[in-house]
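Now for the letters of each chain:
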Amino acid sequence: MSTKSLAAVLFVVGLVIGFGIGYGVMVATQPASAPVQGVSIIAAGSLGYAFNDIAQNWTKLYPNVPISPGGGTFMGSVKAAEQISVLHEKYDVFASAASDVIPMVLAPNYTNWMVVFATNEISILYATNSTAPVNLNGTVMQVSQINESNWFMFVTAHNVTVGVSNGSTDPAGFQAIQAMKLAGIYLVQHDNAAYNAWFHGYLGYPVNDTNAIFQAIWWHKYKTGHLMPVGIEASMDAMIKTGKPYFGISYRSLAKSYGLGFVKLPWQVNLGSTNITAINYYAQVNSSGAPIGLSGTSAEASSPAGPIFYAVTIPFTAPDKTLAIDYLALLLGPIGHQVLVNTYFDPLPVPYAVPLTSNATIPSVLEPFTEPLPSYLQSGPGYIAIMGSQS
C-alpha cells in the first residue's frame, strides 16, 4: 500500500473512532454551527446516481445536516459552472465531468484549486430488451444484438437515431465526437475489411476514410433528423427506452444509472485510459467540424482530445466551506471510492490535488486523500488533458 493510501486509511479510521466516542476529530462529528440548508452540490449530470449514493452515506454520518435533495443539482458541466460564474448562484461543492471546465470557467475568480478524482469511458448505450429492427445492408437485426464487433454499423445505419450531448453545455458531447473520430482511426488499422465493406461498400465513403463514423453521425444523421442532441447526458435514458432503434454515445456510468446496456469500446477509442501512451494517442483528434454548438466552445473544439477526468472544487462563494470540506472528505475517502466503483466510474487510486494559481491553498483536511499531479501531467498533452488549452 502506498504512503498516501495508508494515510487515507488511517485518517478515516481516526474519523470513525472520533465519531464513535463523540469528540471533534476533523469531520467526524456533527458541526456545531451547521446551517439549516446543509451542504449544497452542483455537478455533472453523469454524477447524479453516484452522488445520490454519496448523499445517503452523508445522511448516515450526519443525520441532522441536510444535503441537496437527490444528492445535488445536476446538469451539463459547463452549464453547471456557469450557474456559479455567470448567474452567481452559491453552492458548496462543484463537480465536473471534464477537469478543464474548472480552470477555464471558474478560475481564478471563483476557485483556485481542484481535485481530480475519477475517470469514465465513452460507450455505446442501448436498451437490452429492445427488439426494434436495425437494417444492416439487407440483414435485419435487433437493437439488443449490438456488440463489440458490429457497433459501428448499428450506430450509423440509416434507420437508427443516435443521442448525443450538446457539447456547448456538456463535455460528453464533444468527448463523444472525439471518441468516434478515434474509432475511425482504430478500425481502419484493426478491422479494415469490415470497416471498408460498411462505410465504402454500403454507405459510399472513400476507402479508409477515418472520418466516416463522425460524418455519418454528426452530419448525415443531423441532416436527416436522426441525431438527437440533449442538454444533459442523463436525458438520453428516456429516448433510448422508447422501443425504437435508438442508441446513445455517452458515459459508461449512465448504463448503471439507468439500467441500460453498453458496448465497451477499446482504450484507443473510449477516452478512459490515463497513461502517457493513451494521452498521446487521444491527442490525434479534436471535436471540431460538427454542426454549430455540438463541438463545444471554439476553445474546446480546437483542443486535442484527452482522457475523461472528473474534478471537484469548493467555490470561493460556498455558503459553508466547512461542510463542503466534510463532503469532499467523504467523496475522496474509501466510502466515496467504493460508490464510484459501484456506479461504473474508475476512481483514481489517489486523487490529484491541483493548484490553479500560485497562491492556491488546498484544505489541509484533504491532504491524506490526495497527491500532486504526476510529472507526465504537468506539461505537454498531459497538462492540456487536465487543464485545457487556455490554462
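In what follows, the structure referred to is the one given above.
Position numbers for residues count from 1 along each chain, tracking the sequence in the order it is written. For a predicted model such as this one, the threshold for reporting local features is a pLDDT of at least 70, and the threshold for listing and counting side-chain atom pairs is 80 or more; totals across whole chains, interfaces and linings nevertheless cover every residue. To get the side-chain values, all heavy atoms of the structure are used, and hydrogens and water are removed first.

Points about the side chain of Lys-181
- Secondary structure is summarised from DSSP: a helix means a run of H or I of at least four residues, a strand means a run of E of at least two, and numbering begins at the N terminus for each. Looking at where Lys-181 falls in the secondary structure, it is placed in helix α6 (residues 171–190).
- When accessible area is computed with a 1.4 Å probe and restricted to protein chains, residues below 20% of their type maximum are described as buried, those above 50% as exposed, and intermediate ones as partly exposed. Note that His is not counted, nor are the chain ends; the positive residues are Lys and Arg, and the negative ones are Asp and Glu. In what follows, salt bridge is the name for a side-chain nitrogen of Lys or Arg lying within 4 Å of a carboxyl oxygen of Asp or Glu. There is no salt bridge for the buried Lys-181, and the closest opposite charge comes from Asp-209, which lies 11 Å off by N-O distance.
- Any pair of N or O atoms that falls within 3.5 Å is considered a polar contact. Within protein, one atom must be able to donate a hydrogen and the other to accept it, and sequence-neighbouring residues count only if both atoms are side-chain atoms. Among the polar contacts listed, one links the side chain of Lys-181 to the backbone oxygen of Asn-286, at a separation of 3.2 Å.
- Note on contacts: a residue pair is in contact if any heavy atoms of the two residues lie within 4.5 Å. Residues within four places of Lys-181 in sequence aside, it is in contact with Thr-210, Asn-211, Phe-214, Val-285, Asn-286, Ser-287 and Ser-288.

Concerning the sheet that holds strand β13 (residues 346–355)
- What the seven strands build is an open sheet, ordered β2-β1-β3-β12-β4-β13-β14; its pairing is mixed. Lying at the two open borders of the sheet, with one neighbouring strand each, are β2 (73–75) and β14 (371–372).
- Relative to β13, strand β4 (residues 113–119) runs antiparallel, the two being bridged by six bridges. Looking at the pairing, Met-114 lines up with Val-354 of β13. For two strands to be treated as a pair, DSSP must find no fewer than two bridges joining them.

Here we look at unusual backbone geometry
- A cis amide bond links Ala-107 with the next residue in sequence, Pro-108, at an omega value of 0°.
- Within the fold, Pro-108 resides in the loop between α4 (101–106) and β4.
- The residue Asn-137 is not glycine, and still its phi comes out positive at about 55°.
- Among the secondary structure elements, Asn-137 is positioned in the loop between β6 (133–136) and β7 (139–142).
- Here the phi dihedral of Leu-271 falls at roughly 60°; this positive angle occurs in a residue that is not glycine.
- Looking at the element boundaries, Leu-271 is found in the loop between α11 (267–270) and α12 (276–282).

Topic: the pattern of salt bridges
- Following the criterion strictly, the structure yields four salt bridges and no others.
- Taking the shortest distance from any N to any O, the salt bridge between Lys-264 and Glu-121 comes out at 2.9 Å. One end of the pair, Lys-264, is in the loop between β11 (261–263) and α11; the other, Glu-121, is in the loop between β4 and β5 (122–126), and 143 residues separate them in sequence.
- Using a relative accessible area of 39% as the deciding quantity, one classes Lys-264 as partly exposed.
- With a closest N to O distance of 3.0 Å, Asp-346 and Arg-252 form a salt bridge. Of this pair, Asp-346 sits in strand β13 while Arg-252 sits in the loop between β10 (246–251) and α10 (253–258), and the two are 94 residues apart along the sequence.
- Look at Arg-252 and you get buried, because its relative accessible area is 11%.
- One continuous salt-bridge network, built from bridges that share partners, spans Glu-121, Arg-252, Lys-264 and Asp-346.

Structural measurements only, silent on function.
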